[in-house]
Amino acid sequence: MNSEHEVIMQCKQRVLSGQKITADEAIALINVSEESLQFLSDSANEITRKFNGNIIDVETLINAKKGTCPEDCSFCSQSAFYKTGIDTYKLLPVETIVKNAKMAKNNGVKSFCLVCAWRGPSEKDFEQICDIIKKVNSEVGIEVNCSLGFINEEMATRLKELYVKRYNHNLETARSFFSKICTTHTYDERMETNKIIKKIGLELCCGGIIGMGESRSQRLEFGLDLAYLSPEECPINILVPQKGTPLEIQTKLSLSEILRTIAVFRFLMPKTILKIAGGREVHLASDQEKALLGGANGIITGGYLTIDGNTAQEDLQMISRIGLET
């Protein structure tokens, strides 16, 4: 066994026994050679199976309010700062959202996430969201999650009272890279919102996007901050450059960089639902199965906020084909 395999084995055994790896060990893991990458992925898969079983968490999103967002996140086609040509709309009617929730449930999807493109909801918008959640609860009976931007403790408490299970608020990237991605709010503001979610007792969904021009070490920095928050779910998006945004000509991240990131995030967050999300169909294509056998144990199906994705049927077939369950 080579020295890299020995390091991977030692780290794996530590995680399997319920201990945490150190930052230095994480650095060693994310920098293993290409020859050791499969061993790293297999070890991450072993950790996944130990703590999460064979279940793949399948979720679908609805873009409940699209475009004209006042934030300048450079990856996002919904930002009002950029001319991206997308269609925009205000908060969808409750009937439309309930219909989509029913479709998701009928397709075998377990959770349904309401996503809104704004800095945070106004009081009026928030009341409408609460009414929508009540309707979905009473008429559909699917797990409801939310991604509504910056919220306060009172709003978080209301969502919990409405049986919202999980709240999404991504860190997006490493602290040291964040100012290159967004200038209209800070990394600390995002951190503070996530701490509110944890304090109120909602489950936390927190991840971000890789492949925006950050370095490998910054991806690890990002992963270490996520591990500090200990989210119940962590979506890993892979940048799909959007026309009209500052990142529209960003260089594509390689498959090995994607797989090593997923694997090391699993070592850092052994019990978290690591969800491969936006960009998986584009960047992983026929290699999506490698991610689900290399540390990931969740997917978002049926498309994303402004780009299409696999159908639920296609994804459920893929999961069954590799011997996993939903």
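Residues numbered from 1 in each chain as written. Predicted model: local features only at pLDDT ≥ 70, side-chain atom pairs only at ≥ 80, totals over all residues. Heavy atoms only, no water.

Turning our attention to the overall build of the protein chain. The helix and strand inventory of the protein chain stands at 13 helices and nine strands. A globule of 326 residues ought to have a C-alpha radius of gyration of about 20 Å, and the protein chain, at 19 Å, matches this closely. Within the span of the protein chain, comprising 326 residues, buried residues form 56% of the whole. In the protein chain, the share of contacts with a sequence separation of at least 24, taken over all contacts with a separation of at least 6, comes to 75%. Of the accessible surface of the protein chain, which amounts to about 14,000 Å², a share of 50% is contributed by carbon and sulfur atoms. The positive charge centre, built from 38 side chains, and the negative charge centre, built from 42, are 3 Å apart in the protein chain. (Helix = DSSP H or I, 4+ residues; strand = E, 2+ residues; numbered from the N terminus. Rg over C-alpha atoms; globule rule 2.2 N^0.38 Å. Buried < 20%, exposed > 50% of the residue type's maximum accessible area, 1.4 Å probe, protein only. Contact = heavy atoms within 4.5 Å. Areas by Shrake-Rupley, 256 points an atom, 1.4 Å probe, with all protein chains shown as cover. Lys, Arg positive; Asp, Glu negative; His and termini not counted. Charge placed at Lys NZ, Arg CZ, Asp CG, Glu CD.)

Attention shifts here to the pairing of strand β2 (residues 111-116). By the criterion of burial, β2 is predominantly enclosed, with six of the six residues buried. Where burial is concerned, the two faces of β2 agree: the one with Ser 111, Cys 113 and Val 115 and the one with Phe 112, Leu 114 and Cys 116 are both buried. Summarising the sheet, strand β1 (residues 57-65) and β2 pair through six bridges and their orientation is parallel. What sits directly across from Leu 61, in β2, is Cys 113. Regarding topology, helix α4 (residues 94-106) serves as the crossover connection from β1 to the parallel β2, and that connection is right-handed. (Pairing = 2+ DSSP bridges. Right-handed = clockwise from strand over helix to strand, strands pointing away.)

Take the pairing of strand β7 (residues 233-238) next. For β7, the tally of buried residues reaches six of six residues, placing the bulk of the element in the interior. Here β7 shows two buried faces, one formed by Glu 233, Pro 235 and Asn 237 and the other by Cys 234, Ile 236 and Ile 238. Bridge analysis of strand β6 (residues 208-210) against β7 gives three bridges, and the strand direction is parallel. From the neighbouring strand, Ile 209 faces β7, where its bridge partner is Asn 237. Pairing between β7 and strand β8 (residues 273-276): four bridges, direction parallel.

The tally for this structure, following the rule as stated, stands at 25 salt bridges. Put simply, Lys 275 and Glu 233 hold a salt bridge, and the shortest N to O gap is 3.3 Å. With a gap of 42 residues between them, Lys 275 in strand β8 and Glu 233 in strand β7 connect regions that are remote in the sequence. Exposure remark for Glu 233: the relative accessible area of 1% places this residue in the buried category. The salt bridge involving Arg 321 is made with Glu 289; its shortest N-O contact spans 2.8 Å. Of this pair, Arg 321 sits in helix α13 (residues 312-321) while Glu 289 sits in helix α12 (residues 288-292); the two residues are 32 residues apart in sequence, bridging distant segments of the chain. (Salt bridge = Lys/Arg side-chain N within 4 Å of Asp/Glu carboxyl O.)

The subject of this paragraph is the environment of Gly 141. You can see Gly 141 is positioned in the loop between α5 (123-139) and β3 (143-147). In this structure Gly 141 comes out as partly exposed when scored by relative accessible area, which is 47%. Note: C-alpha distance between Gly 141 and Glu 192 (51 residues apart in sequence) is 31 Å. Discounting chain neighbours no more than four positions away, the residues touching Gly 141 are Lys 105 and Val 136.

A word on the environment of Ser 43. Mapped onto the fold, Ser 43 is located in helix α3 (residues 34-52). What makes Ser 43 buried here is its relative accessible area of 3%. For the pair Ser 43 and Val 282, spaced 239 residues apart in sequence, the C-alpha to C-alpha distance is 25 Å. Leave out the neighbours within four places in its chain, and Ser 43 touches Ile 8, Lys 12 and Phe 267.

The next point concerns the packing of α4 against α5. Where α4 contacts α5, the axes come no closer than 10 Å and their chain directions differ by 40°. Considered as vectors, α4 and α5 are oriented oblique to each other. In this structure, α4 crosses over α5, and the sense of that crossing is right-handed. For the pair α4 and α5, contact is made by Val 94, Ile 97, Val 98, Ala 101 and Lys 102 and by Ile 132, Lys 135, Val 136 and Glu 139, respectively. Looking at the contact of α4 with α5, its residues break down into six nonpolar, no polar and three charged. (Axes fitted to C-alpha atoms, helices over the stretch in contact; angles between N-to-C directions. Parallel < 35°, antiparallel > 145°, perpendicular 65-115°, else oblique. Left-handed = near helix turned anticlockwise from the far one by under 90°. Nonpolar A, V, L, I, M, F, W, Y, C, P; charged D, E, K, R; others polar.)

This part takes up the packing of aromatic side chains. Under the criterion given, the structure shown has three aromatic pairs. Measuring from centroid to centroid gives 6.4 Å for Phe 81 and Tyr 82, while their planes differ by 50°, and the two rings are tilted. The exposure class assigned to Tyr 82 is buried, which follows from its relative accessible area of 16%. On the basis of an interplanar angle of 65° and a centroid distance of 5.8 Å, the ring pair of Phe 222 and Phe 265 is categorised as edge-to-face. (Phe/Tyr/Trp six-rings, centres within 6.5 Å; stacked < 30°, edge-to-face > 60°.)

A few words on unusual backbone geometry. Look at Tyr 163: it is not a glycine, yet its phi comes out positive at around 70°. Its place among the elements puts Tyr 163 in the loop between α6 (153-161) and β4 (166-168). If you check the backbone angles, Glu 172 has positive phi at about 80° while not being a glycine. Note on placement: Glu 172 falls in the loop between β4 and α7 (175-178).

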